[in-house]
There are 2 protein chains.
Amino acid sequence: MNLKYIYCLFFMVVLPSILPAEDGSQLWLRYPTNRNNIQTEQKATSEQSGVTISVALKELNLHWTGQRVELRIDKKLKALKDGYEIKGNGQLITVTSAQEVGLLYGAFHLLRLQAAKANLSDINLTEKPSFDIRILNHWDNLDGTIERGYAGYSLWKWDELPNTVSPRYEEYARANASIGINATVLNNVNASPDILKGEYLNKVKTLADIFRLYGLKVYLSVNFSSPKILGGTKDADPLNPEVKQWWANKVKEIYKLIPDFGGFLIKANSEGQPGPQDYGRTHADGANMIADALKPYNGIVMWRAFVYSPSDDDRAKQAYLEFVPLDGQFHDNVIIQIKNGPIDFQPREPFNPLFGALRKTPEMIEFQITQEYLGFSNHLAYLAPLFKETLDSDTYSDGAGSTIAKLTDGTLRPAKVTAISAVANIGEDTNWCGHHFAQSNWYAFGRLAWNHQLSSEEIADEWIRMTFTDDKNFVTPVKEMMLTSRETVVDYMMPLGIHHIFAEGHHYGPQPWLSEAGRKDWTSVYYHNADNTGIGFDRTETGSNAVSQYFSPLNKIYGNIETCPENLLLWFHHVPWNYQMKNGKTLWDELCYKYDTGVKTVREYQKIWDQTEPYIDTQRFREVQSKLKIQARDAVWWKDACLLYFQTFSKQPIPYDIERPVHELDDLKKIKLDMKHHN
Amino acid sequence: MNLKYIYCLFFMVVLPSILPAEDGSQLWLRYPTNRNNIQTEQKATSEQSGVTISVALKELNLHWTGQRVELRIDKKLKALKDGYEIKGNGQLITVTSAQEVGLLYGAFHLLRLQAAKANLSDINLTEKPSFDIRILNHWDNLDGTIERGYAGYSLWKWDELPNTVSPRYEEYARANASIGINATVLNNVNASPDILKGEYLNKVKTLADIFRLYGLKVYLSVNFSSPKILGGTKDADPLNPEVKQWWANKVKEIYKLIPDFGGFLIKANSEGQPGPQDYGRTHADGANMIADALKPYNGIVMWRAFVYSPSDDDRAKQAYLEFVPLDGQFHDNVIIQIKNGPIDFQPREPFNPLFGALRKTPEMIEFQITQEYLGFSNHLAYLAPLFKETLDSDTYSDGAGSTIAKLTDGTLRPAKVTAISAVANIGEDTNWCGHHFAQSNWYAFGRLAWNHQLSSEEIADEWIRMTFTDDKNFVTPVKEMMLTSRETVVDYMMPLGIHHIFAEGHHYGPQPWLSEAGRKDWTSVYYHNADNTGIGFDRTETGSNAVSQYFSPLNKIYGNIETCPENLLLWFHHVPWNYQMKNGKTLWDELCYKYDTGVKTVREYQKIWDQTEPYIDTQRFREVQSKLKIQARDAVWWKDACLLYFQTFSKQPIPYDIERPVHELDDLKKIKLDMKHHN
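Residues numbered from 1 in each chain as written. Chains lettered and ligands numbered in written order. Predicted model: local features only at pLDDT ≥ 70, side-chain atom pairs only at ≥ 80, totals over all residues. Heavy atoms only, no water.

Enquirer: What's the story with the overall build of chain A in this structure? I'm lost.
Expert: Scanning chain A for helices and strands turns up 21 helices and 15 strands. Compactness check: chain A gives a C-alpha radius of gyration of 26 Å against a globular reference of 26 Å for 679 residues, within 12% of the reference. When the 679 residues of chain A are sorted by exposure, 64% land in the buried category. Look at the contacts in chain A between residues 6 or more apart in sequence, and 71% of them connect residues 24 or more apart. Of the side chains in chain A, 72 bear a positive and 83 a negative charge, and the two mean positions are spaced by 3 Å. (Helix = DSSP H or I, 4+ residues; strand = E, 2+ residues; numbered from the N terminus. Rg over C-alpha atoms; globule rule 2.2 N^0.38 Å. Buried < 20%, exposed > 50% of the residue type's maximum accessible area, 1.4 Å probe, protein only. Contact = heavy atoms within 4.5 Å. Lys, Arg positive; Asp, Glu negative; His and termini not counted. Charge placed at Lys NZ, Arg CZ, Asp CG, Glu CD.)

Spelled out as structure tokens, the structure:
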């Protein structure tokens, strides 16, 4: 034995975490709990009373560790809508709002500041939400599955309701309230008519009664054929008085049960769903008929613009082509819900050209929080940068500065009601979202819906500190990882504007070779068009001319290969393999380096994450570590599949300083994942 | 269109290979063919005649493009054995040997020089082989399978023989002759008694008749119980006169068919095989009895020292313990065949301490060309450095400089006959060895058996130029890859002296967690002994004291953790995780970096290989490229499995600058490959 044998105690303390295991079920709501204070001193009080005020008081009395807080309803603050003012000093903080729920939002604001260790001795702020309706769309089916859900089965236990009430319903409402989400569509846009049966409406009422405590309004997706299927009407023609009457009756029935019911979300004449076109009517005819039924109760119709008939025209153009001619025909409680991009929630798309194009019709964004096209709940992809990219996109519809945020939040186009929506990623998994970091996307949507001027970094910072720890050794690297993560997914999945080369049906892995599917525009080759001359979808004047749907000067910018942003190059152009990119590389080489960068960056994330072990609990550390391993393997899979496949066209070597493929293209083509739904 | 569109023709010529496809069936024998010359002018002539001289003349007349060559038998050169002299000038080269086969070897020597573009205008060289018997051991079963064979089924079509004769029998003999291999054991050491049935001996005779043309002698593995099983003797006791008589008769029968039959290879009392110990006799009793039967015909017995009874003593010690007491008791046509290391063909072992310990008994090495423990025919591992490491090991048995080469080649221990053997990697695959680079190990064994002073680099250089191309853009990087390749396998499989942590049975992947098997010394934990204090097998005085089997000063060098070579550290010592290595790193960190280096280096090989595409044929390029992908994936598998498993004991992080694992230990533990034999 000699000196070399000395055990280095250092290692013994670094590895084992002394923090207790956490399962992620608390989300970002990991506040300290004042168990002693409850009985003795009420930290928070209010002279008014109300169910939601009570909820707000409970939150503060349980979790607020600072000075006394007074909650006040003040109708004079009506202009803030459900916003609030917070003012105070070291002794007393006052939260004021015109609405009860505004006080709850204010309470959560305080708790957020507390978690961020903000200086609370002199506080004076005013918050007004960017959008009136901040709504989640659940694509949950009545059989408990979730379309594009990757966090287990549905939270809604339809079989148990209304008699058995899961404690998670209230937890769900509370989590949404904590970030300002005030509305939710409970069921899939591919809607079963059954949701409108009395039996189900009773179940919905039970949820609505719970959610109401937290200011969360319930909406439903409805099937356009409901009258015919449930009511036995001859058809579902929107001009058929019998149909109108059925809707009027049904709406009345709903409002009797749920007086603050929000309205309907409708997917019609889209991907096989019924709709007014089945009867030679327009989307406006259909939307207006149902909106009219809702009108007496202040209910609204969110009518989806996600339509594309199997025509020969570029799928990216079809929503615009169908809806622009109808502009002005929609009633004032109809709002057109438009996916952020013109195709379908790809890792990157240009914004949907319909934004700004409907000058007389309210528009709202539909984002997708659930990562249908971003690695499900296996890949870490923080989506605030994606959401911001759309919100901050300048459409030029009303001149420079006509961002989508300003077009939809009422700034440029005053609307009766403004809204923003996103498809939820929530299921019955203990950690709600499948991946601990997927919680950040629920969080980020809520925060941006409240205030779209927040930066992705601010939101990530808040979320990390509340969800994990405020130790800077954790916050700094993890935030950096989050902020780059969406771009990393773009890099290893579909850089430079490539889109929709996913495996058929489930959209998890790569299948750029997909050339046969139910419809031409469900294949991958439809989108990438790789051939011996190059790759990309020519949407310029010489191609589909989708660029013409953008306002000047974007139509020119996108339409010119020299000015088109390189991250959208192959979205708008079919580009020769040896086209010279701005950095001097050929397109082929740049494509290779992008995929490689994606792989390398995920490996860097693994290094970052593994070094966080001392700072957080073991369970979440391990679970995220495990997910990152999957992501690292998947990134290599994507890179190899795409480069080996596109190489059959480029006929050029992958630059030799890049790590070589480790798969055979033929083997990758044989991978068939058995994924029908993902519970 | 603009300047950026210019197609870079450069890429168009770099990628597609203009060389015709090759399938590897020609091995390193890709000589030019003088089709026109055959009829007109005989380049090579001889005044003597003989079947093997004819073969030599045919090779030269078909493939030699230089000046005239004269082949001469000269009995005065007897001291060169089957060696030869080559002398000549620009007009005439003379090849002289005491034996016909020496002229054939000389002819191949000339063709090798031609391939190397050597200056042949003034040539004067003498070659004498290092070993008399240069023998391949085929572990081929009579049912056509090959134990530890990874290149398809057996070359020997026992069902078709003797009537149908595959052209590959002669091609096989020719390939061996081209590198000086002059002997072959046709069947598995786990021998079926059937091989000695008259029916099979007739088949063997047919092969021997073909091989004889190329100077290749046939040997057989025999089952010690053959007399009892085939001849109906009461037992197989070596002292039973009836048994002796059976062997005498059987040998006589063989020599009648095959007058130059070489002798027997015997695995006895090893891994369940029968042997003299079944009757209370010694290995010497058994070997001598059979040797006596062979003696009248100059046949020999190669008696394997690969024995280890399931005793409690360190398996690494057992061959020594069993054989050293028998030294002096073996008859002079017995030679003890000893595996290079004391365990079993691991990626790295110290030499077998039996070498030099038998002072009155001839010893020969058994190498393994087939990559049982080095990735089968999937991994590129050039084994000349492994062979050389053993041959050049100094045992100190007769003082410094007592290398295993000198102990076995007759230099230090004059022997009636010297020999060197290796388990073949040849099967019926078109390319013979499964992996194109596995051919280099057959080649290297032959070349080292002929001349153990050749360097690994010289042999690689020869082989690359003959097998692929002499373009230096290919030769230089590929040679570098080959020369480091065995160490790379060590790095990603079992660095620092770790050994035998392979998956049970098939020995392909990692299974360091293997703790239950038929015998304790078939588990992995037996060998690595990882626990919370450290890892490694204590073979010092405080442990099994296997070090005591080595001659001084090696026993001290190996026995002292400070002086033990680090590449054998865990072979000889149980070492604390935080032991400080010579580079200052802890053992744990060093282990991590070794595994990581292994992975990185395989990826570098992929880069090297991919850049060879322009220089060789497409088929072999693609096939090797594909194998390297498997190797790259497997290296990660090994690294992850070993580091994650050993980490459960070290309880230390993998250094954070190392690429992180992408697998879960639990998932890796579930991998069960269905590998019984590998055809």
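Enquirer: Explain the packing of helix α11 (residues 384–391) of chain B against helix α13 (residues 439–450) of chain B here, please?
Expert: Two numbers describe a pair of packed helices, the interaxial angle and the distance between the axes. All names here are of chain B. Their axes nearest at 9 Å, the elements α11 and α13 cross at an angle of 30 degrees. Judged by the inter-axis angle, α11 sits roughly parallel to α13. Of the two elements, α11 crosses α13, and the hand of that crossing is right-handed. Across from Ala384, Phe387, Lys388 and Leu391 in α11, the residues of α13 making contact are Asn441, Ala444, Phe445 and Leu448. (Axes fitted to C-alpha atoms, helices over the stretch in contact; angles between N-to-C directions. Parallel < 35°, antiparallel > 145°, perpendicular 65-115°, else oblique. Left-handed = near helix turned anticlockwise from the far one by under 90°.)

Enquirer: Sorry, what's going on with the UniProt feature "domain: Glycosyl hydrolase family 67 C-terminal" (unreviewed entry) in chain A here?
Expert: Taken from the UniProt record, the annotation "domain: Glycosyl hydrolase family 67 C-terminal" (unreviewed entry) applies to residues 433–657 of chain A. As annotated, residues 433–657 of chain A comprises 52% helix and 2% strand, and the C-alpha atoms at either end are separated by 38 Å. (UniProt positions renumbered as here; feature names shortened; annotations may be inferred.)

Enquirer: Before we go on, may I ask you to explain the sheet that holds strand β8 (residues 217–221) of chain B in this structure?
Expert: Within a sheet, adjacent strands bond to each other through the backbone by hydrogen bonds, running parallel or antiparallel. Residues and elements named next belong to chain B. Around the barrel, which closes on itself, the eight strands sit in the order β6-β7-β8-β9-β10-β11-β12-β13 with parallel pairing between neighbours. Strand after strand, the sheet turns through a mean of 25 degrees between neighbouring axes, direction not considered. Pairing of strand β6 (residues 133–137) with strand β7 (residues 183–185), which is carried by three bridges, proceeds in the parallel orientation. Bridge pairing links Leu136 to Thr184 in β7. Where α13 meets the sheet, it contacts β6, β12 (363–368) and β13 (419–423), and its direction lies at approximately 155 degrees from that of β6. (Pairing = 2+ DSSP bridges.)

Enquirer: In this structure, what is going on with the UniProt feature "active site" (unreviewed entry) in chain A? I would like to understand it.
Expert: All names here are of chain A. The positions that UniProt labels "active site" (unreviewed entry) are, in the present scheme, Glu271, Asp344 and Glu372. Residues in contact with Glu271, not counting those within four places in the same chain, are Phe306 and Tyr308. Mapped onto the elements, Glu372 comes out in the loop between β12 (363–368) and α11 (384–391). A relative accessible area of 3% places Glu372 in the buried class. Sequence-distant contacts of Glu372, defined by excluding residues within four places in its chain, comprise Trp139, Arg148, Tyr150, Asp344, His506 and His507. Among the polar contacts listed, one links the side chain of Glu372 to the side chain of Arg148, at a separation of 3.1 Å. (Polar contact = N/O pair within 3.5 Å; in protein donor to acceptor, adjacent residues only side chain to side chain.)

Enquirer: I tried to follow the packing of helix α8 (residues 241–257) of chain A against helix α9 (residues 283–294) of chain A on my own but got confused; where do I start?
Expert: Residue and element names in this part refer to chain A. One can describe the packing of α8 onto α9 by two numbers: an axis separation of 8 Å at closest approach and a directional angle of 40 degrees. By the criterion of interaxial angle, the relationship of α8 to α9 is oblique. Helix-helix and strand crossings are classified by hand; for α8 and α9 the assignment is right-handed. On the side of α8, the interface is formed by Val243, Lys244, Trp247, Ala248, Val251 and Tyr255, while α9 contributes Met289, Ile290, Ala293 and Leu294.

Enquirer: How should I be thinking about the sheet that holds β12(A) in this particular structure?
Expert: All names here are of chain A. Spatially, β6-β7-β8-β9-β10-β11-β12-β13 is the arrangement adopted by the eight strands of the closed barrel, whose pairing is parallel. Across the sheet, the axes of successive neighbouring strands diverge by a mean angle of 25 degrees, strand direction being ignored. In this structure, strand β7 (residues 183–185) lies alongside strand β8 (residues 217–221), joined through three bridges in parallel fashion. Along β8, the bridge assignment pairs Val185 with Tyr219.

Enquirer: What's the story with unusual backbone geometry in this structure? I'm lost.
Expert: Note on backbone geometry: most residues besides glycine have negative phi, and most peptide bonds are trans. Here the bond from Ser552(A) into Pro553(A) is cis, since omega is 5 degrees, no more than 30 degrees from zero. Tracing the backbone shows Pro553(A) in the loop between β14 (534–535) and α17 (554–559). In this structure, Asn269(B) is a non-glycine residue whose phi angle is positive, near 50 degrees. Assignment of secondary structure puts Asn269(B) in the loop between β9 (263–266) and α9 (283–294). One non-glycine residue, Phe376(B), adopts positive backbone phi at about 55 degrees.

Enquirer: Would you take a moment to explain the pattern of salt bridges for this structure?
Expert: Pairing between side chains becomes possible if they bear opposite charge and their charged atoms approach one another. Residues and elements named next belong to chain A. Per the counting criterion, the structure on display carries 89 salt bridges over all chains. As a salt-bridge pair, Glu22 and Arg620 come within 3.6 Å of each other at their nearest N and O atoms. Taken together, the positions of Glu22 in the loop between α1 (9–14) and α2 (35–40) and Arg620 in helix α20 (residues 618–650) put the pair 598 residues apart, joining distant regions of the chain. Across this residue pair, the class does not change: Glu22 and Arg620 are buried. (Salt bridge = Lys/Arg side-chain N within 4 Å of Asp/Glu carboxyl O.)

Enquirer: Teacher, can you tell me more about helix α6 (residues 198–212) of chain A here?
Expert: An α-helical turn contains 3.6 residues, so any two residues separated by three or four positions project in the same direction. Residues and elements named next belong to chain A. Over its 15 residues, α6 runs 20 Å from end to end, which matches the ideal 21 Å to within 8%, given 1.5 Å per residue. Every buried residue of α6 is accounted for by Tyr200, Leu201, Lys203, Val204, Thr206, Leu207, Ala208, Ile210 and Phe211. Among the structural elements, α5 (167–178), β7, β8 and α8 are those in contact with the buried residues of α6. (Expected span 1.5 Å × (residues − 1).)

Enquirer: How should I be thinking about the packing of aromatic side chains in this particular structure?
Expert: To describe a pair of aromatic rings, you give the distance between the ring centres and the angle between the ring planes. Residue and element names in this part refer to chain B. Inspection of every chain in the model, using the stated rule, returns 89 aromatic pairs over all chains. Both rings, one in Tyr105 and one in Trp450, keep their centres 5.1 Å apart while their planes meet at 75 degrees; by these two values the pair is edge-to-face. With Tyr105 in helix α4 (residues 100–115) and Trp450 in helix α13, this residue pair connects regions lying 345 residues apart in the sequence. Judged by its relative accessible area of 3%, Tyr105 is buried. Sitting over the face of the ring of Phe306, Lys339 holds its NZ or CZ atom 3.2 Å from the ring centroid. The ring of Phe537 carries the charged tip of Arg539 above its face, separated from the ring centre by 3.7 Å. (Phe/Tyr/Trp six-rings, centres within 6.5 Å; stacked < 30°, edge-to-face > 60°. Lys NZ or Arg CZ within 6 Å of the ring centre and 35° of its normal.)

Enquirer: Sorry if this is basic, but what is going on with the pairing of strand β3 (residues 84–89) of chain A here?
Expert: Sheet faces and side chains relate simply in a regular strand, where the side chains alternate between the two faces. Residues and elements named next belong to chain A. As paired strands, β3 and strand β5 (residues 122–127) are joined by six bridges and run antiparallel to one another. When the bridges of β5 are listed, Asn89 appears paired with Asp122. Of the strand pairs in this sheet, β3 and strand β4 (residues 92–97) are connected by four bridges, and their pairing is antiparallel. Its bridge partner lying in β4, Gly88 is registered against Ile93. Here β3 hands over to β4 after two residues, the two strands then running antiparallel side by side.

Enquirer: Help me understand the side chain of Ser178(A), please; the structure alone is not making it clear to me.
Expert: Structurally, Ser178(A) can be placed in helix α5. Ignoring sequence-local partners within four residues, the contact set of Ser178(A) consists of Trp28(A), Leu29(A), Phe108(A) and Arg112(A).

Enquirer: What is the right way to read the environment of Ile420(B) from this model?
Expert: Position of Ile420(B) among the secondary structure elements: in strand β13. Ile420(B) has contacts with Phe131(B), Ile133(B), Arg134(B), Ile135(B), Met364(B), Ile365(B), Phe367(B), Leu391(B), Phe445(B) and Ala449(B), leaving out every residue within four places of it along the chain.

Enquirer: Help me understand the environment of Gln67(A), please; the structure alone is not making it clear to me.
Expert: All names here are of chain A. Following the sequence through the fold, Gln67 ends up in the loop between α3 (51–63) and β2 (68–73). When its relative accessible area of 13% is taken as the criterion, Gln67 is described as buried. Residues Gln67 and Asn176, 109 residues apart in the sequence, show an inter-C-alpha distance of 26 Å. With residues near it in sequence (within four places) discarded, Gln67 still touches Lys43, Asn89, Gly90, Gln91, Leu92, Ile93, Leu120 and Ser121. Here Asn89 takes part through its backbone oxygen, which lies 2.8 Å from a polar atom of the side chain of Gln67. Looking at Gln67, its side chain comes within polar contact range of the main-chain oxygen of Leu120, at 2.8 Å.

Enquirer: Any chance you could explain the environment of Ala115(A) here in plain terms?
Expert: All names here are of chain A. On the secondary structure map, Ala115 appears in helix α4 (residues 100–115). Residue classification places Ala115 among the partly exposed positions, given a relative accessible area of 21%. Distance in space between the C-alpha atoms of Ala115 and His506 is 39 Å, their sequence separation being 391 residues. Excluding residues within four positions of it along the chain, Ala115 makes contact with Met466 and Asp470.

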